[in-house]
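These are the residues of each chain, in order.
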Amino acid sequence: AEAAKIMKQRINRFHMLNGVTLIDPENTYIGPYVQIGADTVIEPNVHIYGKTTIGERNFIGATSYITDSTFGDDNSIISSAIEESTLGDGNAVGPFAHLRPKSSLANKCKVGNYSELKNAQVGNKSKVPHLTYLGDCTVGEGTNIGCGTIVANYDGVNKTHTDIGDNVFVGSGATIISPVNVASNSFIAAGSTINRDVNEDDMAISRPRQENKPNYAHVLKEKALAKKAKKNG
């Protein structure tokens with residue numbers, strides 16, 4: 001423990017002398033093979049390990065964990081985990097996002113809170129704002145992936161790949177079942193389950209029909225209360 005503390009101080013001092021800002025060096029953990037560019041700011045309780053290379057003017061927010069990854073310049077990472085992945089320039093990740101191995105963001109992408117990527121490549125200016133899983137897929141440029149979208153890449157035996165083109169709008173709560181191709185400039189309606197290719201400029205919609213039963217809400221409530229009363233004796 002004493003040796004690790006001394007080594008941590010040496011590593012952190014080296015980076016600070018090279019123009020990296022460590023807000024709290026006593027609670028910042030950087031491996032010996034990590035490279036960090038000038039004017040990068042790192043908040044407390046950040047862990048950066050492996051052969052990670054980070055460019056200039058990046059912001060690494062508190063409690064982030066990064067290993068064996070490569071960043072360009074001007075990225076913002078907030079309270080997120082990034083493993084064996086690549087970021088270009090000007091991307092925003094987090095809070096609470098997870099980039100698993102073989103994932104990449106081009107430039108000016110957004111991966112928001114509680115989104116997870118695995119072997120997913122995301123093109124310039126595309127957005128994965130929140131509560132989304134992208135597994136084994138390629139996303140083009142300028143595409144918006146709605147909240148709660150899942151790329152279902154695993155059938156219990158095989159993992160398959162999905163391609164999503166440029167300027168695609170994927171509505172909230174969509175499930176895209178691999179392997180399919182979603183062509184550029186297409187639109188997937190919220191709540192849809194997609195298991196066939198979507199052609200360019202198409203709108204895909206797949207939902208069960210909604211049925212409203214007039215004045216039936218109180219019937220359900222009365223049944224529930226009767227069941228509860230019976231259970232309680």
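Shown above is the structure to which this text applies.
It should be emphasised that the depicted structure is a prediction, and the values quoted were computed from it without experimental measurement.

## What about the overall build of the protein?
Point 1. Helix and strand counts for the protein stand at 2 helices and 28 strands.
Point 2. Expected size for 233 residues packed as a compact globule is a radius of gyration near 17 Å; at 23 Å, the protein overshoots this value by more than 25%.
Point 3. When the backbone C-alpha atoms are referred to their principal axes, the protein occupies close to 70 × 55 × 30 Å.
Point 4. For the protein, long-range pairs separated by at least 24 residues make up 9% of all intrachain contacts whose partners lie at least 6 apart in sequence.

## Concerning the pattern of salt bridges
Point 1. Summed over the entire model, instances satisfying the criterion amount to 5 salt bridges.
Point 2. The salt bridge partner of Arg57 is Glu56, with a shortest N-O separation of 3.2 Å.
Point 3. Residue classification places Arg57 among the partly exposed residues on the basis of a relative accessible area of 40%.
Point 4. By relative accessible area, Glu56 is classed as partly exposed at 37%.
Point 5. Ionic contacts of the salt-bridge type, sharing partners, join the residues Glu56, Arg57, Asp73 and Asp74 into one network.

## A few points about the pairing of strand S5 (residues 46-49)
Point 1. Residues Val46 and Ile48 point to one face of S5 and are all buried, whereas His47 and Tyr49, pointing to the other face, are not buried.
Point 2. Strand direction decides the pairing type here: strand S2 (residues 28-30) and S5, joined by 3 bridges, are parallel. Paired with Tyr29 across the bridge in S5 is His47.
Point 3. Judged from the 3 bridges that link them, S5 and strand S8 (residues 65-67) form a sheet pairing that is parallel.

## Considering the nonpolar core
Note that soluble globular proteins tend to have their nonpolar side chains buried in a common cluster.
Point 1. Among the nonpolar cores identified, the biggest contains 42 residues, and Ile42, Leu105 and Leu134 are the most heavily contacted of them.
Point 2. Among the secondary structure elements, those contributing two or more residues to this core are S5, strand S17 (116-122) and strand S19 (133-139).

## Section: helix H1 (residues 2-17)
Point 1. Here H1 is 16 residues long and its end C-alpha atoms lie 23 Å apart, about the 22 Å a rise of 1.5 Å per residue gives.
Point 2. Looking at H1, one finds that the buried residues are Lys8, Ile11, Asn12 and His15. All buried residues of H1 project into a common sector of 95 degrees when viewed along the axis, lining one side. Away from its buried face, by an angle of more than 90 degrees, H1 presents the exposed residues Glu2, Ala3, Arg10, Arg13, Phe14 and Leu17.
Point 3. For H1, the secondary structure elements touched by its buried residues are strand S1 (21-22), S2 and strand S3 (35-36).
Point 4. Once H1 ends, the next one or two residues include Gly19, with phi positive near 100 degrees.

## Some remarks on the side chain of Ser69
Point 1. Position of Ser69 among the secondary structure elements: in the loop between S8 and strand S9 (70-71).
Point 2. When its relative accessible area of 0% is taken as the criterion, Ser69 is described as buried.
Point 3. In terms of polar contacts, Ser69 uses its side chain to reach the backbone amide nitrogen of Glu84, at 3.2 Å.
Point 4. Ignoring sequence-local partners within four residues, the contact set of Ser69 consists of Lys51, Thr52, Thr53, Ile82, Glu83, Glu84 and Ser85.

## Thoughts on unusual backbone geometry
Point 1. That bond from Gly94 to Pro95 is cis: its omega, 5 degrees, falls within 30 degrees of zero.
Point 2. For Pro95, the position within the fold is in the loop between strand S13 (92-93) and strand S14 (98-99).
Point 3. Omega for the bond connecting Ser178 with Pro179 falls within 30 degrees of zero, at -5 degrees, which places this linkage in the cis form.
Point 4. Residues other than glycine seldom take positive phi values, yet Asp74 does so here, at roughly 60 degrees.

The rules we used
Residues numbered from 1 in each chain as written. Predicted model: local features only at pLDDT ≥ 70, side-chain atom pairs only at ≥ 80, totals over all residues. Heavy atoms only, no water. Helix = DSSP H or I, 4+ residues; strand = E, 2+ residues; numbered from the N terminus. Rg over C-alpha atoms; globule rule 2.2 N^0.38 Å. Contact = heavy atoms within 4.5 Å. Salt bridge = Lys/Arg side-chain N within 4 Å of Asp/Glu carboxyl O. Buried < 20%, exposed > 50% of the residue type's maximum accessible area, 1.4 Å probe, protein only. Pairing = 2+ DSSP bridges. Core = buried A, V, L, I, M, F, W, Y, C linked by side-chain atoms within 4.5 Å. Expected span 1.5 Å × (residues − 1). Arc of directions from axis to C-beta. Polar contact = N/O pair within 3.5 Å; in protein donor to acceptor, adjacent residues only side chain to side chain.

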